[in-house]
Amino acid sequence: MQLSDEDEEDYNLSLSKFESMLKTNKVLFFDSEEFEDIILHYLDMGKASLAKKALKLALEQHPKSTGLKLVQVEMLVYDDKLDQAEKLLNELFAIEPNNEEIYIQKANIYSKRDNHEKAVELLKTALKYTDDFADVYNLIGMEYLFMDNLEMAKESFIKCLEEDVEDQTALYNVVYCFEFLDQNELAIEYLKKYIDKNPYSEIAWHQVGRLNYGLKKYNEALIAFDYATLIDEEFLGAFMEKAKALERLKKYKEAIESYNRTIELDDPTSYALLRIGKCHEKLGNKVLALKFFNKTVHEDPLLDKGWIAITDFYVRQKNFQKALHYVNKALSIDNENRFYWKRYATINKEMNLFEEAEFGYRKAVEHGDYQLDTWLFWVDILQFQGEFESAIQTLLQASEYFPEEYEVEYRLAGLYFMLLDDKKGKFHLSNGLRLNYKNNTIIKELFPVVWDRKMVQNAINKNKK
């Protein structure tokens, strides 16, 4: 409810007067509009009991007021007493058939009953009698959203914005519809036309930036975020998005400035601290990078990404002992993350801790890491440990995801030959040679004993091109 200063003063006086009346038990007179404002204020504040008291007194003083009876309908709907609300609306309709609020409240009841088509029909009738087209179009848009009719919802929100260019809720909703319909380019075109009418809308500029960022048009995104932050110098979300775009453009110093601005505007977030650390690392400021990664986990000890950032930092420094400590911290927070298990495995492999590495690769695959290199690292460790049967079973599993992969076939060949199953060994060797002859040295690297066998050399020479 937008009020002028004078109206605001009257509104506050009415509230004070009403609350004073409740304390003293004196009955004071209010006009019907004052009562409407008081009741709606209490409803907005979630103080239903005070709203009901005000409504009771209001109807005693103004028993014939249509406005107050419509407020009563709102309260009945609020209490889910839809049949009573509908009965009262029908009585009001007989008296004032051209009152748009009656159609709006009827639509609200049908909406509550999940009859959104009927709600839209009633709201379209309300358009014939209303002066507030924007509000009704907004309500129609919401009904179409309930029906998952995003195209019609989008049209309704656009009509709402044609009536009221400042309606921010409708602006967010229209962008949501464009995005849901996978019409991001069209959304940008629409927003540019909207900006022509309302050039100082920081929200529109922010949405243009966000959409361009999603389309990987980082320069265009940056320009839009710049406008948003110029219009509103305290627009935290726009500064955050601007920083992300600057990172994508490898402008790390400027990105740090933008992330720092978000920290000035609000308490530091672990995300901003983490990104500042990443930017410093890209700039080669290793000490500062580590400082900010440590600040990240201090700010939010349960942020696994913070611990992983420190893990990766130490991996790049080849300090695997420290890396192992921090990857364990991340796994203690999220022990179903396949990427963390793969890091755990890789670090242990670098430290020649093969049992732990094998466990890590196994857990990575269990949690959905089906990358070829994960399977192969796992299998090579099993083979190194002499677990030939387990290695074969793992490779057969991998072959379901990579049915024509020479790296899998050559390994299967080598393992079967190691187990003296020459028939299967020859079959998989033949597959490997067919798929990629020149990489047959995989056998030599992983299975030197097999490589020296006459049967294997004959097969290789026979397939030589």
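Look a little higher up for the structure.
Residues numbered from 1 in each chain as written. Predicted model: local features only at pLDDT ≥ 70, side-chain atom pairs only at ≥ 80, totals over all residues. Heavy atoms only, no water.

Thoughts on the overall build of the protein chain
Threshold: Strands here are runs of E lasting at least two residues and helices are runs of H or I lasting at least four, both read from the DSSP assignment and numbered beginning at the N terminus. Classification of residues uses two cut-offs on accessible area relative to the type maximum, computed with a 1.4 Å probe and protein chains only: under 20% is buried, over 50% is exposed, and between them is partly exposed. Any two residues whose heavy atoms approach within 4.5 Å are treated as being in contact. Shrake-Rupley sampling with a 1.4 Å probe provides the accessible areas, and residues are treated as covered by the protein chains on show and by no other component.
For the protein chain, the helix and strand inventory stands at 28 helices and 0 strands. By its C-alpha atoms, the protein chain is 110 × 50 × 45 Å across when sized along the principal axes. Looking at the 465 residues of the protein chain, the share that counts as buried comes to 45%. Within the protein chain, contacts between residues at least 6 apart in sequence are counted, and of these 48% link residues at least 24 apart. When the accessible surface of the protein chain is summed, it comes to about 25,400 Å², and 49% of that surface belongs to carbon and sulfur atoms.

A look at unusual backbone geometry
Within the chain, Lys-250 stands out as a residue other than glycine whose phi angle is a positive 65°. Mapped onto the fold, Lys-250 is located in the loop between helix H14 (236-248) and helix H15 (252-265). The class for Lys-250 is exposed, based on a relative accessible area of 61%. Its identity as a non-glycine residue notwithstanding, Leu-420 has a phi of 65°, on the positive side. Tracing the backbone through its elements, the reader meets Leu-420 in the loop between helix H24 (406-418) and helix H25 (422-435).

Comments concerning the packing of aromatic side chains
Rule in force here: Two rings from Phe, Tyr or Trp (for Trp, the six-membered ring) form a pair when their centres sit within 6.5 Å of each other. Planes less than 30 degrees apart are called stacked, planes more than 60 degrees apart edge-to-face, and all others tilted.
With the rule as written, the count across this model stands at 19 aromatic pairs. Here the aromatic rings of Phe-293 and Phe-313 are separated by 6.4 Å at their centres, their planes lie at 70°, and the arrangement is edge-to-face. Of this pair, Phe-293 sits in helix H17 (residues 286-299) while Phe-313 sits in helix H18 (residues 304-316); the two residues are 20 residues apart in sequence, bridging distant segments of the chain. Phe-313 shares its class with Phe-293; the two are buried. Three or more aromatic residues joined by ring pairs form one cluster here, namely Phe-293, Trp-307, Phe-313, Tyr-314 and Tyr-326.

A short note on H14
Using the following cut-off: Expected span, for any helix, means 1.5 Å times one less than how many residues it has.
Counted at 1.5 Å a residue, the expected span for H14 with its 13 residues is 18 Å, and the 19 Å between its end C-alpha atoms agrees. Within H14, burial applies to Ala-238, Phe-239, Met-240, Glu-241, Lys-242, Ala-243, Ala-245, Leu-246 and Glu-247. Positive phi appears at Lys-250, one or two residues downstream of H14, with a value of about 65°.

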